[in-house]
Amino acid sequence: MLRAFLLSLLMLIAPAAFAAPTDQMFDRLKAAQDEAEAADVAEDIWATWLESGSPTVDVLMQRAMLAIAADEAETAHELLDRVIVIKPDYPEAWHRRAGLFLAEENFPEAFRDLNEALKLEPRHFGAWIGMGVMLETLGGETEALASYREALKIYPLLPQAQSAAARLAKKAEGTEL
């Protein structure tokens, strides 16, 4: 019994490791030969982004994602706010909360959160897409195109970024149909 208690205590006070995608994962993402291969690698990257290194934060994130899926934005906001207070260096929490702000068309807050996510993880292709969507919605097509192109530098076969960049490039070049 004492051993179990000590192990539990050790688990609570031991520093948790933050899981971050490796450079090799991003190299594989860039080198993917088709969308299916790229999507598999991207899924692995997303999985590591969801591992905060804190069991408490991971549970709160899981609950926040369930709240988002259940269209319970207020609950999701509260949970993500708590995650950010507990672990302000966790880029995925900033990204997920930015998604809520985008859905609410609260662009100043979304912009802040996307910038924070990108400051913490400049290779966050999801945050680059979110930034592009927001900028395009606000009429900043040139800036949106730049954001989509940033996403494509990281994830060249990302369908949303490919189609948005192609569409905006046509507009920028004056060949819109």
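Structural data are supplied above this passage.
Residues numbered from 1 in each chain as written. Predicted model: local features only at pLDDT ≥ 70, side-chain atom pairs only at ≥ 80, totals over all residues. Heavy atoms only, no water.

The next point concerns the overall build of the chain. Secondary structure summary: the chain contains 10 helices and zero strands in total. Expressed as a percentage of the 177 residues in the chain, the buried residues total 41%. Looking at the chain alone, contacts between residues at least 24 apart form 52% of all its contacts between residues at least 6 apart. By element, 59% of the accessible surface of the chain is carried by carbon and sulfur atoms, the whole surface being about 10300 Å². (Helix = DSSP H or I, 4+ residues; strand = E, 2+ residues; numbered from the N terminus. Buried < 20%, exposed > 50% of the residue type's maximum accessible area, 1.4 Å probe, protein only. Contact = heavy atoms within 4.5 Å. Areas by Shrake-Rupley, 256 points an atom, 1.4 Å probe, with all protein chains shown as cover.)

Here we come to a negative patch on the surface. Taken together, Asp34, Glu35, Glu37, Asp40 and Glu43 make up a surface patch of like negative charges. With respect to the helices and strands, Glu37 occurs in helix 3 (residues 35-49). In this structure Glu37 comes out as partly exposed when scored by relative accessible area, which is 35%. (Patch = residues over 30% accessible without salt bridge, like charges linked within 9 Å, V, L, I, M, F, W, Y side chains within 5 Å. Salt bridge = Lys/Arg side-chain N within 4 Å of Asp/Glu carboxyl O. Lys, Arg positive; Asp, Glu negative; His and termini not counted. Charge placed at Lys NZ, Arg CZ, Asp CG, Glu CD.)

Another point: unusual backbone geometry. A positive phi angle, near 60 degrees, is found at Asp71, a position not held by glycine. Secondary-structure assignment places Asp71 in the loop between helix 4 (55-69) and helix 5 (73-86). Backbone geometry places Glu105, a non-glycine residue, at a positive phi of 60 degrees. With respect to the helices and strands, Glu105 occurs in the loop between helix 6 (91-103) and helix 7 (107-120).

Here we come to helix 10 (residues 159-172). Over its 14 residues, helix 10 runs 20 Å from end to end, which matches the ideal 20 Å to within 8%, given 1.5 Å per residue. Where helix 10 is concerned, the buried positions are Ala161, Ala164, Ala165, Leu168 and Ala169. One side of helix 10 carries all its buried residues, which in axial view fall inside an arc of 130 degrees. The secondary structure elements touched by the buried residues of helix 10 are helix 8 (125-137) and helix 9 (141-154). (Expected span 1.5 Å × (residues − 1). Arc of directions from axis to C-beta.)

What follows deals with the nonpolar core. In terms of nonpolar packing, the biggest core is built from 50 residues, with Leu29, Ile45 and Phe125 touching the most fellow members. It is helix 8 that contributes the most residues to this core, seven residues altogether. Once you skip the residues sitting within four places of it in the chain, Leu29 turns out to touch Ala38, Val41, Ala42, Ile45, Phe125, Ile154, Tyr155 and Pro156. (Core = buried A, V, L, I, M, F, W, Y, C linked by side-chain atoms within 4.5 Å.)

A word on the pattern of salt bridges. One pass over the structure, following the stated rule, counts 13 salt bridges. Salt-bridge contacts for Asp113 lead to Arg112; the nearest nitrogen and oxygen are separated by 2.9 Å. Here Arg112 falls in the partly exposed class, since its relative accessible area comes to 36%. Notably, a salt bridge pairs Lys119 with Glu116, separated by 3.4 Å at the nearest N-O pair. You can see Lys119 and its partner Glu116 sitting in helix 7, three residues apart, about one turn around the helix. By relative accessible area, Lys119 is classed as exposed at 59%. Here the residues in one salt-bridge network are Asp81, Arg97, Glu109, Arg112 and Asp113, joined through shared partners.

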